[in-house]
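# Structural features, examined
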Amino acid sequence: MHALVGENGAGKSTLMKILYGMQKPDEGTITVDGDQVTFNSPADAIARGIGMVHQHFMLADNLTVLENVVLGAEKLYGIGQAARNKIREISEAYGLGVRPDAYVEDLGVADRQRVEILKVLYRGARILILDEPTAVLVPQEVDALFDNLRELKAEGLTVIFISHKLGEVLSVADDITVIRRGTTVGTADPASTTTKQLAELMVGSELPSPETRESTVTDVPVLTVADLRLTATDSDGVVREVLSEIGFTIHRGEVLGIAGVEGNGQTELIETLMGLRDPDGGVITLDTADISHAPTRERRESGIGYIPEDRHRHGLLLESPLWENRILGHVTERPNSRRGLLDPKAARADTRRIVVEYDVRTPGIDVTASSLSGGNQQKLIVGREMSHLPKLLIAAHPTRGVDVGAQAQIWDQIKAARSDGLAVLLISADLDELIGLSDTLRVMYRGRLVADADPATITPEELGTAMTGAATGHLEAAPEDEAR
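Notes on the structure in this doc start here. All residue numbers here refer to positions counted from 1 along the written sequence of the relevant chain. Totals for whole chains, interfaces and linings use every residue, but because this is a predicted model, local features are given only for residues with pLDDT of at least 70 and side-chain atom pairs only at 80 or more, for both listing and counting. Side-chain metrics in this entry use all non-hydrogen atoms of the structure; hydrogen atoms and water are not considered.

Further remarks concern the overall build of the chain. Helix and strand definitions here come from DSSP, where helices need a minimum of 4 consecutive H or I residues and strands a minimum of 2 consecutive E residues; each element is numbered from the N-terminal end. Check the secondary structure of the chain and you find 19 helices and 21 strands. Values of the radius of gyration come from C-alpha atoms, whereas the globule rule sets the reference at 2.2 Å times the count of residues to the power 0.38. Its C-alpha radius of gyration of 23 Å places the chain within 12% of the 23 Å reference for a compact globule of 484 residues. For the chain, the residues scored as buried account for 54% of the 484 residues in total. Taking as baseline every contact in the chain between residues at least 6 positions apart, the subset at least 24 positions apart corresponds to 67%. Only protein chains enter the calculation, and the probe is 1.4 Å; a residue is then buried if its accessible area is under 20% of its type maximum, exposed if over 50%, and partly exposed in between. Contacts: residue pairs with any heavy atoms within 4.5 Å of one another.

Another aspect to go through is helix H10 (residues 266-273). Summarising burial for H10: seven of the eight residues are buried, a large majority. Burial in H10 covers these residues: Gln266, Glu268, Leu269, Ile270, Glu271, Thr272 and Leu273. At the exit of H10 stands Gly275, carrying a positive phi of roughly 85 degrees.

For the rest of this paragraph, the subject is the packing of aromatic side chains. Here a Phe, Tyr or Trp ring, Trp counted by its six-membered ring, pairs with any other such ring whose centre lies within 6.5 Å, and the pair is stacked when the planes are under 30 degrees apart, edge-to-face when over 60, and tilted otherwise. Summed over the entire model, instances satisfying the criterion amount to two aromatic pairs. Centre to centre, the rings of Tyr77 and Tyr122 are 5.2 Å apart; their planes meet at 65 degrees, and the pair counts as edge-to-face. Of this pair, Tyr77 sits in helix H4 (residues 74-77) while Tyr122 sits in helix H6 (residues 109-122), placing them 45 residues apart in sequence. Tyr77 gets classed as partly exposed once you look at its relative accessible area, which sits at 31%. With a centroid separation of 5.7 Å and an interplanar angle of 75 degrees, the aromatic rings of Phe146 and Phe161 are classed as edge-to-face. With Phe146 in helix H7 (residues 139-154) and Phe161 in strand S6 (residues 158-162), this pair connects stretches of sequence that are 15 residues apart. Judged by its relative accessible area of 0%, Phe161 falls in the buried class.

Counting through the fold element by element, Asn264 comes out in the loop between strand S11 (255-259) and H10. Spatially, the C-alpha atom of Asn264 lies 9.3 Å from that of Met467, the residues being 203 residues apart in sequence. Not counting residues up to four positions away in its chain, the partners in contact with Asn264 are Met444, Tyr445, Arg446 and Gly447. In protein, a polar contact requires one atom able to donate a hydrogen and another able to accept it; more generally it is a pair of N or O atoms within 3.5 Å, and residues adjacent in sequence count only if both atoms are side-chain atoms. Polar contacts involving the side chain of Asn264 include one to the main-chain amide nitrogen of Arg446, which spans 2.7 Å.

Right, let's talk about the pairing of strand S8 (residues 183-188) for a bit. When DSSP finds at least two bridges between two strands, those strands are taken to pair. Bridge analysis of strand S7 (residues 175-180) against S8 gives five bridges, and the strand direction is antiparallel. Paired with Thr177 across the two strands is Thr187, which belongs to S8. Counted along the chain from S7 to the antiparallel partner S8, the turn is two residues long, and its residue Arg181 has a positive phi close to 50 degrees.

Across the sheet, which stays open at both edges, the four strands sit in the order S10-S9-S12-S13 with antiparallel pairing between neighbours. The open sheet has two free edges, formed respectively by strand S10 (239-251) and strand S13 (289-290), since each of these has just one partner strand. Geometry is summarised by axes, namely lines fitted to C-alpha atoms with helices restricted to the contacting stretch, and by angles between N-to-C directions that run from 0 to 180 degrees. Packed on one face of the sheet, H10 meets strand S9 (221-233), S10 and strand S12 (281-286) and runs near 65 degrees to S10.

Below you can see the structure in the form of structure tokens.
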């Protein structure tokens, strides 16, 4: 189990793409099992037993899990019952819980990741490259994944593990390589290295903390949700309730954190608040205005900022330049437009400001969004959303896949805006982030808010247990929560 760490843009993903045949190196050698190899495509890498699970998943939304898994590997087990049986066998062996006939577009982020892992195992990989595999998992799921990886290792498989979660790296890796700006700058022994030392080796600074010391919560409500209900029809035509009796209030200067295992209604809640889904019942109030059935643009113009959970699918146009991405979601607002017409000159100037203020590492504003590392893409999105001084920020996994330096910047931006009265709805799989940033914590399970938690006293392990549905009601509730 070999870990590869480094800040965003250090070259980790590029190096892995070379090892997986997606990119050709200019010089140097790759040796597999003592043989020097040259990969012209991923098929060449797969043939040598290398499999890769990408940070941004490579799945076709309009196909089923089975179709995605067998795509390109039809010769192994065909496309029928034998393939379905093999998928079930692998899924059960490693506790992946994958349904072969589910459509990928109906799956949450965590389930998509499991499909990607299964895809690699299905092809018989002996060297497994995992790019940020724990970004979407709660502590118990991380432990289960690590147990699976140790089983794979015991069976003779090699795992290359890329992560920004340094505590996890130290707990699971046998060796660690640190790269910075495309060069190996050192190695570390997990047995004798601390997270602080590893962070300093990576970015030259200490490990940041999301902890918020002072409360800025006021009694002025910004967003009030009452008895929100939503139903959806699944691929089998069955209507099911995905949100039930959801109710909460977020005040000026307050961060409300929602904890939950992926797929328990968080995505549907966000989409309903943003106007992407129309609720079946309940009321959504922003300030004093009922926006329950308002179009998305009206909600945006009313002051809702949005950091989406999947930046590639919902946050960026990857083949468009940065300055065009700066306009997304705010087409009608200054500086992007004036008197009903787009103002490219002003948008370009403001993009340059965002690049400087949010430390977006880029050669310029005319490069495509796809040319940036994941963390720099995220900083561009955060800069875009914060630039419009929102009343309410819906932040879904705001630091997913970003390095410790970028994490600290994003946390500081959210804290500063919160001090100025911003209300934040925070949804995150990083429980330390949830506990550290939130003023109020709610637990979501099967489309319901089932428990309250006090961020001052709860541990990530207790919160992770509550997220599996093992606890309801108040978890070490704060006195003011009891009073409410």
